[in-house]
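# Descriptive structure summary
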Amino acid sequence: MSGTALSVKHLSKSYRSHGSVTDAVRDVTLSVRKGECFGIVGESGSGKSTLARLIMCLEKADAGEIYLGGERLDLLGERALKPHRRRFQMVFQDSGSSLNPRKQIARQILDPLRYHGLLDGKDPEEVLRTYLDAVGLAGEMGGRYPHELSGGQRQRVCLARAMALEPEILILDEPVSALDVSIQAQILNLLRRLQQEMHLTMVFIGHGLGAVHYVSDRLAVMYAGQVVEEGDSDEVFSSPCHPYTRALVDAAPSGDVREKQRARVHLKGELGRVGALDGCPLLPRCPYSDALCSGCDLSLRSVDARGEHLSRCMRARDTGEEAKN
C-alpha cells in the first residue's frame, strides 16, 4: 500500500433554505491511500453523504480542492470531467433506484464498458461472468431484471457494475443500511474479501461505527460537517478520543459482557442543534463541555506519538483514558 489515491483539502459546502444556512461540510481535509479501505462514519445529517457527492463531482463545492491520483478534478467542467468518470465509481444506498427497471442486468453492467471502450477485443459474456462471479452471483443473473432480484442481490449487481470499470477508487455510500442484518454481514464480508484479493481502494460510508470499523483500515468520524476524529480503525474503535466517537462506540452492538459494565457517554438533544461556528459543534450535547470549549482552537490535533490519531476535542487525552477504563 503506497501513494495517495484521493485527497480533499479544505472542502466546504452549505445550503440555503427558508432564509437559513446549513453548513453540510465544513473545511474537511483528508486523504485515502492506494489499496486501503477508508471509512467515514457519523449519524444522519453529519455531512458524510454530501462529502461523497462532492468527491464524485455530483455537486460543486463552495470551497476546497479535490485530487484523484494527483490530478485536480473540482476545476474541470462536465465535458472535461467525462473521460475521468470511470476512474471513480460510487455504490449508493438504494440499489433499487440505482438500477434501470427496464434493462436486464447484463446490459446494466456491460453498457458502461461499451461507452468507455473497455469491451474492445473482449468477449462480453466472459466479462459479465467474471464480475458476477466476483460478487457471488450466478451468470444466469445477467438475463434477469432488477425487480426479480432481492435487495442483497441488487446491491451485488451495483458493486459488480462499479468494479467492472476498474476504477481507481470506489465510494460506497451506506451500501448495507437498507438491507436485513444477515444480508448486511454477507455484503460486508464480500467487501473485505474483494478489497484484500483485488487490492481495491475504497471509501466506505456508514452511520454505524461497528460496520465501518469492520471493513476499514483507517476511518474519519464526522459530526455537523466536520471531521472530529481520524486514525487507524482499530485504534479509534478501541481508544476513542472524542466524546462523539465514544458515543458511537457505545452505540455499537457488543457481545462482551464487560462492555455492559463500562460507563457510557450520553449525548443530550439532537444533531440539528449545533454550537456556534467559533466553538465546538458538540458543545450543547457534550457531557464533558466546559468554558474552554467555546471560542477555542478546535483544529485537529495529534493524540498519539506517531501523529496519526487526530481529534478536535480539547479534552482528547482525558476522554481517551476514560474509554479504556
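That block above? That's the structure.
Residues numbered from 1 in each chain as written. Predicted model: local features only at pLDDT ≥ 70, side-chain atom pairs only at ≥ 80, totals over all residues. Heavy atoms only, no water.

## Considerations on the sheet that holds strand 8 (residues 202–206)
Pairing within the open sheet is mixed, and its eight strands lie in the order 6-7-8-3-9-10-12-11. Either end of the sheet is taken by a strand with one partner, and the two such strands are strand 6 (88–91) and strand 11 (301–302). Both strand 3 (residues 37–41) and strand 8 contribute to a ladder of five bridges, which runs parallel. When the sheet's bridge partners are listed, Cys 37 is paired in strand 8 with Met 202. (Pairing = 2+ DSSP bridges. Helix = DSSP H or I, 4+ residues; strand = E, 2+ residues; numbered from the N terminus.)

## With respect to the environment of Val 265
Positionally, Val 265 belongs in the loop between helix 11 (257–261) and strand 11. On the basis of relative accessible area, Val 265 is assigned to the buried category, the value being 7%. Linking Val 265 and Pro 287, residues 22 residues apart in sequence, is a C-alpha distance of 7.5 Å. Once residues lying within four places of it in the same chain are set aside, the contact partners of Val 265 are Pro 243, Arg 246, Ala 247, Asp 250, Pro 287 and Tyr 288. (Buried < 20%, exposed > 50% of the residue type's maximum accessible area, 1.4 Å probe, protein only. Contact = heavy atoms within 4.5 Å.)

## Considering empty space enclosed by the protein
A full pass over the atoms with the stated rule returns two cavities of 30 Å³ or more. By volume, the largest cavity amounts to about 140 Å³. Lining the largest cavity we find 16 residues, and of these His 242, Cys 280, Cys 293, Cys 313 and Met 314 sit closest to its centre. Tallied by class, residues from the lining of the largest cavity come to eleven nonpolar, three polar and two charged. (1 Å grid on protein atoms, 1.4 Å probe; cavity = no way out; pocket = protein on both sides within 12 Å on 5 of 7 lines; lining within 4 Å. Points joined across faces, edges and corners; volume = space filled by probe spheres on them. Nonpolar A, V, L, I, M, F, W, Y, C, P; charged D, E, K, R; others polar.)

## Structural notes on the packing of aromatic side chains
The full count for this structure, using the stated rule, is one aromatic pair. Between Tyr 223 and Tyr 244, the ring centres sit 4.7 Å apart and the planes meet at 55°, which makes this aromatic pair tilted. In this pair, Tyr 223 is assigned in strand 9 (residues 218–223) and Tyr 244 in helix 10 (residues 243–251), connecting sequence segments 21 residues apart. Of the residues examined, Tyr 244 reaches a relative accessible area of 1% and is grouped as buried. The ring of Tyr 214 has Arg 192 sitting right over it, with the charged end atom 4.5 Å from the ring centre. (Phe/Tyr/Trp six-rings, centres within 6.5 Å; stacked < 30°, edge-to-face > 60°. Lys NZ or Arg CZ within 6 Å of the ring centre and 35° of its normal.)

## Looking at the side chain of Arg 312
Tracing the chain through its elements places Arg 312 in the loop between strand 12 (310–311) and helix 12 (316–324). With no salt bridge to any partner, buried Arg 312 finds its closest opposite charge in Asp 27, at an N-O distance of 5.4 Å. Within the structure, the side chain of Arg 312 is placed 2.5 Å from the backbone oxygen of Val 227, a separation counted as a polar contact. Each residue touching Arg 312, except ones within four places of it in the same chain, is listed here: Asp 27, Gln 226, Val 227, Val 228, His 242, Leu 298, Ser 299 and Leu 300. (Lys, Arg positive; Asp, Glu negative; His and termini not counted. Salt bridge = Lys/Arg side-chain N within 4 Å of Asp/Glu carboxyl O. Polar contact = N/O pair within 3.5 Å; in protein donor to acceptor, adjacent residues only side chain to side chain.)

## Re the nonpolar core
If you look at the biggest cluster of nonpolar residues, it comprises 58 residues, and the most contacted ones within it are Leu 159, Met 163 and Phe 204. Apart from residues no more than four positions distant in its own chain, Leu 159 is found in contact with Val 91, Val 135, Leu 170, Leu 172, Leu 190, Leu 191 and Leu 194. Core analysis: the second largest hydrophobic core is formed by 28 residues, Leu 11, Val 28, Leu 30 and Leu 68 among them. (Core = buried A, V, L, I, M, F, W, Y, C linked by side-chain atoms within 4.5 Å.)

Treat this as a map of the structure, not an account of what it does.
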